[in-house]
Amino acid sequence: MTTSRFLFTLQLAFTLAVCAFLVVPVVLSMLAGLTANYLVGLSSGLTLRWVIEVWSGYRDTIFLSLGISVACLAVTLALGVPTAYLLARSRNRLARLIEELLVLPVAMPGLATALALIVTYGVYRGFRTSWTFILVGHVLFTLAFMVRSVLAVLSAIDLKTLEEGAASLGARFGQRFFHIVLPNCRNGILAGSLMVVTLSMGEFNMTWLLHTPYTKTLPVGLADAYASLRLEIGSAYTLIFFLMIIPLLLGLQALSRPRPSRFIPDDSDPTAENRP
Amino acid sequence: MNPDPAKPLAIRLQSCAKTFDTGVRALEPMDLAIDAGETLVLLGPSGCGKTTTLRLIAGLERPDPGGKVFFDDREVTRESIEKRNVGMVFQSYALFPNMTVAENIGYGLRIRRVPAAGQRARVSEMLSMMRIEPLADRRVDQISGGQRQRVALARALAVQPRALLLDEPLTSLDAQLRETLRVEINLLLRRLGITTVYVTHDQTEAMALGDRIIVMSHGRVAQTGTPREIYHHPASAFVADFIGTMNRLPGELVGGRFQCACGSLPWSGGNGDIRELLFRPEDVRIADDGEDADLSGTVAAAFFVGDRTRVLVDAAGSQLVAESPARCTLQVGQAVRLRVDARGLLAL
């Protein structure tokens, strides 16, 4: 009895310690953003002054980051889901090769990818200076996450036979794709979307090279603020980032719960004894 | 697309061969005519081409150039499965995990844009026909294997297909359930009078369900016939061995009797160079004391299987299988004499 209680206490303490390790810096950083003077400490009082200052100075970076991550999600969905479907349908060596190639931008340092993009497309001034240049980098970086998570779900089900079953009932390709394929990889799509949005929102090292003074994203602005302004402003910036990303994550998590069924024939009797 | 759902469909394959991209020849050129309303069983070991034949009929595979598929008198070789209006049941059931039981059954109707009320009525009808009404709004991962098989059948039949194609539908079920469902499917097919092609490797299933059986081996038809013809008059050693157990006894014809090492058997099937006679275990029995017998040997083993005892007899080097009443008390090593029913003797 005493040993098990001791073990329980030990486990609890360990868990709390790990939680503290993860959460305390975050809380301290957010608090710093609300402190009147960080060097004096909390005794200097709480203020929204820094948050307001970030909002007025860096508002456009926040909207740009939101815009890019939504656009990035749209592009990775449009490209990634059909790619994953094709890869799942053709399990040959070429498909394996493409799957590996897709991961390359993830494995390479972001700076290297960014440099390659600049070398290749830098001469097109209009493109180089527009936000779509950053979008291309983000899509390169995040596409593999979408493809992988959808492919993982599609590989776990017998997609070919499911489609044959639907076809035998008269469903054409489009109907099969929207009625059978998409709903059955829903969880993979949601998991992939979660990854893509958060990665695009927080991407720094590639964006650092790709951005121009007019296309600054939130993490680039954050670095800027830490480097050139008061620590409180940088921390207030972090606070705003959290306020944006956490509702988004919670929303996507809620979506991925199993949905209830709809179709219930009127004369079914749920109490009837079922034959073996 | 569906001229007259009440009229069963006749299906014809004309020199249909199938070679896969890998170069493997799954099916040698095959001609096959399936009568309207008939239940045809394609039977054979795995890799014999039976499933490929079914998929050619379904439209899931295209025959090699030159092969043609006809539904009644219309050629459908180039038509994809979604236009052929055939009901298909897969070994893995292929139920849609994102839909409930009722949604699965109603899917074909939804594709055909049947009005909602009509869909509900037909789904209810199918649920009650398969006796699975209480499962209507369960998800397919919340029901048992036998129930899934019923849902798969209901889904295939809901759209009133012109033919029903079943690919090893009972293989993934346990023995007892398989037997129950086999009887159910048999009654259902008789009642519906629908043209059915049933693929299986299980000869018991084939015998119980088929109006006609096609035994296949290595991409070719080994024999076509009714279950009785195939069982009692196998055309080859392969068919004889694949369908049930067959005793084989080497020897030669000497003056109207077939002489072998362990005795002799009466033979009236004509002369010719006969070196081997075949007979089924149920045509051999252990002779009583004092009774005339044809063969003799010693008991090598006896397996009690409930309703009877299967006796393995070592007859001068040949292993023979005989069937005995359940209550016989034979000891291993005991000398026995065997009587063979002359009507069951076969020569290939």
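All values reported here derive from a predicted model rather than from experimental measurement. (Residues numbered from 1 in each chain as written. Chains lettered and ligands numbered in written order. Predicted model: local features only at pLDDT ≥ 70, side-chain atom pairs only at ≥ 80, totals over all residues.)

(A) Summary view of the overall build of chain B. The secondary structure content of chain B amounts to nine helices and 20 strands. Relative to its 348 residues, chain B shows a buried fraction of 41%. Nonlocal contacts in chain B, meaning residues at least 24 apart in sequence, comprise 64% of its contacts between residues at least 6 apart. (Helix = DSSP H or I, 4+ residues; strand = E, 2+ residues; numbered from the N terminus. Buried ≥ 20, exposed ≤ 12 C-beta atoms within 10 Å, placed from the backbone. Contact = placed C-beta atoms within 7 Å.)

(B) Looking closely at the overall build of chain A. Across its full length, chain A holds 12 helices and zero strands. When the helices and strands of chain A are listed from N to C terminus, the series reads α-α-α-α-α-α-α-α-α-α-α-α. For 276 residues, the compact-globule estimate of 2.2 N^0.38 gives 19 Å, and chain A exceeds it by more than 25% at 24 Å. Overall, chain A is about 75 × 70 × 40 Å in size when its C-alpha atoms are taken along their principal axes. Of all 276 residues assigned to chain A, the portion counted as buried reaches 32%. Counting only contacts in chain A whose residues sit at least 6 apart along the sequence, the fraction spanning at least 24 positions is 76%. (Rg over C-alpha atoms; globule rule 2.2 N^0.38 Å.)

(C) Representation of the sheet that holds strand β5 (residues 74-75) of chain B. All names here are of chain B. The strand order across the open sheet formed by four strands is β2-β1-β4-β5, and the pairing between neighbours is antiparallel. A strand with exactly one partner marks an edge of an open sheet, and here the two such strands are β2 (25-34) and β5. Of the strands in this sheet, β1 (11-19), β2 and β4 (68-71) touch helix α1 (residues 50-58), which is tilted by about 120° from β1. (Pairing = 2+ DSSP bridges. Axes fitted to C-alpha atoms, helices over the stretch in contact; angles between N-to-C directions.)

(D) Summary view of the interface of chain A and chain B. Tallying the contact residues gives 28 residues for chain A and 33 residues for chain B. Elements with a contribution of two residues or more to the side of chain A that touches chain B: α7 (159-168) and α8 (173-184) of chain A. Grouping the amino acids of the side of chain A that touches chain B by side-chain chemistry returns 12 nonpolar, nine polar and seven charged. (Nonpolar A, V, L, I, M, F, W, Y, C, P; charged D, E, K, R; others polar.)

(E) How the structure looks around helix α1 (residues 2-34) of chain A. For α1(A), which comprises 33 residues, the first-to-last C-alpha distance of 45 Å matches the rise-based estimate of 48 Å (1.5 Å per residue) to within 8%. With two of its 33 residues buried, α1(A) lies for the most part at the surface. (Expected span 1.5 Å × (residues − 1).)

(F) Fine view of the domain arrangement of chain B. Split by domain assignment, chain B resolves into domain 1 (11-242) and domain 2 (247-344). Inter-centroid distance (C-alpha atoms) of domain 1 of chain B to domain 2 of chain B is 39 Å. (Domains from an automatic or database assignment.)

(G) Spatial organisation of helix α6 (residues 131-156) of chain A. Residue and element names in this part refer to chain A. Look at α6: 37 Å from first C-alpha to last across 26 residues, which is about the 38 Å you get at 1.5 Å a residue. The largest bend in α6 is about 40°, located at threonine 142. Counting buried residues along α6, 19 of its 26 residues qualify, which places the element largely inside the surrounding structure. (Bend = angle between axes of the 7 residues up to and from the residue.)

(H) Seen up close, the pairing of β2(B). Residues and elements named next belong to chain B. Relative to β2, β1 runs antiparallel, the two being bridged by six bridges. Paired with isoleucine 11 across the bridge in β2 is isoleucine 34. What sits between β1 and β2 in their antiparallel hairpin is a turn of five residues, with glycine 23 showing a positive phi close to 95°.

(I) Representation of the environment of Ala166(A) in the model. Residues and elements named next belong to chain A. You can see alanine 166 is positioned in helix α7. With 25 C-beta atoms counted inside 10 Å, the residue alanine 166 sits in the buried group. In contact with alanine 166, other than residues within four places in its own chain, are Ala171, Arg176, His179 and Ile180.

(J) Geometry of the packing of helix α3 (residues 93-107) of chain A against α6(A). Residue and element names in this part refer to chain A. Relative to each other, α3 and α6 sit at 130°, their axes nearing to 7 Å. Of the possible angle classes, the one that applies to α3 and α6 is oblique. The way α3 lies across α6 gives a crossing that is left-handed. Taking contact as the criterion, the partners of Leu102, Val103, Pro105 and Val106 in α3 are, on α6, Leu140, Phe141, Leu143, Ala144 and Val147. Considering only residue class, the contact of α3 with α6 consists of nine nonpolar, no polar and no charged. (Parallel < 35°, antiparallel > 145°, perpendicular 65-115°, else oblique. Left-handed = near helix turned anticlockwise from the far one by under 90°.)

(K) Expanded view of the confidence of the model for chain A. Here chain A averages 82 in pLDDT, while 92% of its residues score no lower than 70. For residues 260-276 of chain A, every residue scores under 50 in pLDDT, and the model assigns this stretch 30 contacts once sequence neighbours within four places are set aside. (pLDDT = per-residue confidence, 0-100.)

(L) How the structure looks around the nonpolar core. Core analysis: the largest hydrophobic core is formed by 127 residues, its most contacted members being Val150(A), Leu42(B), Ile105(B), Ala154(B), Leu165(B) and Val197(B). The dominant element in this core, judged by the number of residues it contributes, is α6(A), at 14 residues. With sequence-adjacent residues up to four places away left out, Leu165(B) is seen in contact with Leu54(B), Ile57(B), Ala58(B), Val86(B), Gly87(B), Met88(B) and Val197(B). Membership of the second largest hydrophobic core comes to 16 residues, among which are Ile286(B), Leu295(B), Val311(B) and Leu320(B). (Core = buried A, V, L, I, M, F, W, Y, C linked by C-beta atoms within 7 Å.)

(M) Seen up close, the packing of α7(A) against α8(A). All names here are of chain A. At a minimum axis distance of 10 Å, the contact between α7 and α8 shows a crossing angle of 130°. Between α7 and α8, the crossing angle belongs to the class labelled oblique. Where α7 crosses over α8, the handedness of that crossing is right-handed. Residues Leu162, Glu163, Ala166 and Ala167 of α7 lie in contact with α8, whose contacting residues are Arg176, His179 and Ile180.

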